[in-house]
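The residues making up each chain are set out below.
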Amino acid sequence: MRLGIIGLGDIAKKAYLPVLSEREDIELVLCTRNPDTLKQLAQKYRLDEMVQTVDELVTKKMDAAVISTATEAHAEIAEKLLENGISVYIDKPVSLNYRETKRISELSESSGKVAMTGFNRRFIPRVQELREHGKASLILMQKNRFAAPDHVRRFVVEDFIHVVDTLRFLMDTEVTDVKTQFLKNGELLDHIVVQLNGDGCTAIGIMNRNGGVTEEIIEYSAGTHKYVVNSLVETTHYHNEENSVTKFGDWEPTLLKRGFYQIMDHFIECVRESRTPDPSIQDSLITHEICEEIVRQIDPEA
């Protein structure tokens, strides 16, 4: 199987290249406009094939590609690849524009090629385990950043989208209502609090990007049991006024703890077997649609 990696920025260097370069069953082709980056990474990972444009990559008879460029380029690249019979894995979000995301979803369906969004939290062991503890009635997730307020659309669609998708995954039921509270400072958004309602479940997502700490915490309440996942790697279980802690072993790699090995395995299997990934691009479209509704509730002109 021949797999391209398009865009060799921070996330590609930290996650996709280390994970994919370990596999002996795929041929990697690097793609970026920066010749120095190409040369450096090709030498580091002992790779022979590299190109500087997506058009060049298309001529290399690729089976699939990981799109890890700037968000603004995602949709155009995905469209070109799908039209040329190449399956795509797209870093979240598919696009900052909902109509573009919908077009990619439709194109994946009509082309018969796999398209998948990089919602890695669905593949994180400590997050996946929560659904095994029974249906939650209340879920609370905070994903905060230190002193980094941003414009509304980028704040919500590029960052808070992880919170929305993780809550949808954990709710395991249709979201029937969305309520949003927020605080703006001029043109920039400081924080938001979003409530998603579904059958028998309330999920609350919080993001403060003008606070004093970068953190990620999930609280999952199912009956008289409460589970708190801290930094995506440690779970505390509370029940009958007692608690217990589940941790990874010291030698478990960080990229496994954060679901990158698992999500890449799943994508590659789906491409090989021509089957629909979970989440499908159509399911991911629902997450993008909810984010679009949140943006509309904060600023209809954004």
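Please read all numbers here as calculations on a predicted model, not as lab measurements.

Rules behind the numbers
Residues numbered from 1 in each chain as written. Predicted model: local features only at pLDDT ≥ 70, side-chain atom pairs only at ≥ 80, totals over all residues. Heavy atoms only, no water. Pairing = 2+ DSSP bridges. Helix = DSSP H or I, 4+ residues; strand = E, 2+ residues; numbered from the N terminus. Salt bridge = Lys/Arg side-chain N within 4 Å of Asp/Glu carboxyl O. Phe/Tyr/Trp six-rings, centres within 6.5 Å; stacked < 30°, edge-to-face > 60°. Lys NZ or Arg CZ within 6 Å of the ring centre and 35° of its normal. Buried < 20%, exposed > 50% of the residue type's maximum accessible area, 1.4 Å probe, protein only. Polar contact = N/O pair within 3.5 Å; in protein donor to acceptor, adjacent residues only side chain to side chain. Core = buried A, V, L, I, M, F, W, Y, C linked by side-chain atoms within 4.5 Å. Bend = angle between axes of the 7 residues up to and from the residue. Contact = heavy atoms within 4.5 Å.

Inspection of the sheet shows strand β9 (residues 175–185) paired to strand β10 (residues 188–198) by ten bridges, in the antiparallel sense. Looking at the pairing, Asn-185 lines up with Leu-188 of β10. Counting the residues between successive antiparallel strands, the hairpin from β9 to β10 contains two residues, one of them, Gly-186, with a positive phi of roughly 70°.

According to the stated counting rule, one finds 30 salt bridges in the structure shown. Note that Glu-269 is salt-bridged to Arg-275, the shortest N-O span being 3.3 Å. Salt bridges here are not isolated pairs; linked through shared partners, they connect Lys-143, Arg-145, Asp-150, Asp-159 and Arg-209.

Using the criterion set out here, one finds three aromatic pairs in the structure. Pairwise contacts between aromatic rings join Tyr-16, Tyr-89, Phe-260 and Phe-267 into one cluster. One cation-aromatic arrangement involves Arg-126 over Phe-248; the distance from NZ or CZ to the ring centre is 4.2 Å.

By the secondary structure assignment, Lys-143 is in strand β7 (residues 138–144). Under the relative-accessibility criterion, Lys-143 is labelled buried at 6%. There is a polar contact of 2.9 Å between the side chain of Lys-143 and the side chain of Asp-159.

Both strand β8 (residues 150–151) and β10 contribute to a ladder of two bridges, which runs antiparallel. Paired with Asp-150 across the bridge in β10 is Leu-189. Pairing of β10 with strand β11 (residues 201–208) involves eight bridges; the strand directions are antiparallel. Paired with Gln-195 across the two strands is Ile-204, which belongs to β11.

Below, the discussion takes up the nonpolar core. Residues Ile-139, Val-156, Ile-192, Leu-196, Ile-218 and Ile-294 are the most contacted members of the largest nonpolar core, which totals 40 residues. Broken down by element, the residue count for this core peaks at twelve residues, all from helix α7 (residues 152–171). Among the nonpolar cores identified, the runner-up in size contains 31 residues, and Val-19, Tyr-45, Phe-123 and Val-271 belong to it.

Let us now look at α7. The largest bend in α7 is about 60°, located at Phe-160. Within α7, 18 of the 20 residues are buried, leaving the element largely enclosed by the surrounding structure. Positioned one or two residues after α7, Asp-172 has a phi angle of 55°, which is positive.

Moving on to unusual backbone geometry. Going from Lys-92 to Pro-93, the amide bond is cis rather than trans, its omega being -15°. Summarising the element assignment, Pro-93 is placed in the loop between β5 (87–90) and α5 (98–111). The omega torsion across Asp-278 and Pro-279 is 15°, close enough to zero to call that bond cis. Of note, Pro-279 is situated in the loop between α9 (260–273) and α10 (281–298). Here Leu-232, not a glycine, exhibits a phi torsion of approximately 70°, which is positive. Position of Leu-232 relative to the elements: it lies in the loop between β13 (225–230) and β14 (234–239). In this structure Leu-232 comes out as buried when scored by relative accessible area, which is 2%. One non-glycine residue, Ser-274, lies in the positive phi region at around 50°. As for its placement among the helices and strands, Ser-274 is situated in the loop between α9 and α10.

In space, the six strands of this open sheet follow the order β3-β2-β1-β4-β5-β6, with parallel pairing throughout. Where the open sheet ends on each side, the last strands, each with one partner, are β3 (50–51) and β6 (115–117). Direction of pairing for β5 relative to β6: parallel, over a ladder of three bridges. Looking at the pairing, Val-88 lines up with Ala-115 of β6.

A word on the environment of Leu-96. Mapped onto the fold, Leu-96 is located in the loop between β5 and α5. Residues Leu-96 and Thr-71, spaced 25 residues apart in sequence, show a C-alpha to C-alpha distance of 7.1 Å. The contact partners of Leu-96, leaving out residues within four places of it in the chain, are Thr-71, Glu-72, Arg-153, Arg-154, Val-157, Glu-158 and Glu-292.

Taken by themselves, the reported measurements are silent on function.
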